[in-house]
Amino acid sequence: ASLESLAQGSAVQFRGAFRPPELAALRADLAVLPSLCHESYSFVVDEARALGWPMLATRAGALEERVPPGGELFARGSAEELARLLDAAIDEPERLARWRAAVRPPE
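Residues numbered from 1 in each chain as written. Predicted model: local features only at pLDDT ≥ 70, side-chain atom pairs only at ≥ 80, totals over all residues. Heavy atoms only, no water.

Asker: Is there a simple way to think about the sheet that holds strand β3 (residues 71-74) in this case?
Answerer: The parallel open sheet is built from three strands, whose spatial order is β1-β2-β3. The open sheet has two edge strands, β1 (31-33) and β3, and neither has a second partner. Pairwise comparison of adjacent strand axes, ignoring direction, gives a mean angle of 15° for this sheet. Sheet analysis places β1 next to strand β2 (residues 55-58), joined by three bridges and oriented parallel. Each residue of the ladder has a partner; that of Ala31, found in β2, is Met55. (Pairing = 2+ DSSP bridges. Helix = DSSP H or I, 4+ residues; strand = E, 2+ residues; numbered from the N terminus. Axes fitted to C-alpha atoms, helices over the stretch in contact; angles between N-to-C directions.)

Asker: Hey, could you run me through the layout of surface pockets in this one?
Answerer: One water molecule sets the probe size; rolling that probe over the atoms shows where empty space is left. Each pocket or cavity is described by its volume, and for the largest pocket that value is around 290 Å³. Every residue along the wall of the largest pocket is listed here: Ala11, Val12, Gln13, Arg15, Phe18 and Leu26. Of the residues in the lining of the largest pocket, the class split is four nonpolar, one polar and one charged. Each pocket or cavity is described by its volume, and for the second largest pocket that value is around 230 Å³. Lining the second largest pocket we find 14 residues, and of these Phe18, Leu23, Leu26, Ala31 and Trp53 sit closest to its centre. Here the lining of the second largest pocket is composed, by residue class, of 12 nonpolar, no polar and two charged. (1 Å grid on protein atoms, 1.4 Å probe; cavity = no way out; pocket = protein on both sides within 12 Å on 5 of 7 lines; lining within 4 Å. Points joined across faces, edges and corners; volume = space filled by probe spheres on them. Nonpolar A, V, L, I, M, F, W, Y, C, P; charged D, E, K, R; others polar.)

Asker: In this structure, what is going on with the pattern of salt bridges? I would like to understand it.
Answerer: Side chains bearing opposite charge may pair, as long as their charged atoms lie close to each other. Enumeration over the complete set of coordinates arrives at seven salt bridges. One salt bridge in this structure joins Glu81 and Arg84, with 3.8 Å as the shortest N-O distance. Pair noted here: Glu81 and Arg84 are both in helix α5 (residues 79-91), with a separation of three residues, about one helical turn. Overall, Arg84 belongs to the partly exposed group, its relative accessible area being 44%. (Salt bridge = Lys/Arg side-chain N within 4 Å of Asp/Glu carboxyl O. Buried < 20%, exposed > 50% of the residue type's maximum accessible area, 1.4 Å probe, protein only.)

What follows is the structure, given as structure tokens:
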């Protein structure tokens, strides 16, 4: 409720879980994986790769190995670094295009 209150008047939308067909139909520029835990694999990376979405992810375990070059990494818990990368994705469309072109399909 507090997040919904903070988001009033913004373009933020709260959604529940996505079903696979909904996710595939979603128009998205990139996936953001702000994990706070040490990831050992991450099925979310596979989902994003299958959809051709570049990713911004925390430097947390397997994400460090599995995300680049189809995206970039930021320090765990660093809202500032994530914001800088999101701004770069908006302000530098060629950077986002470079990430997207480097996305590899899941293994």
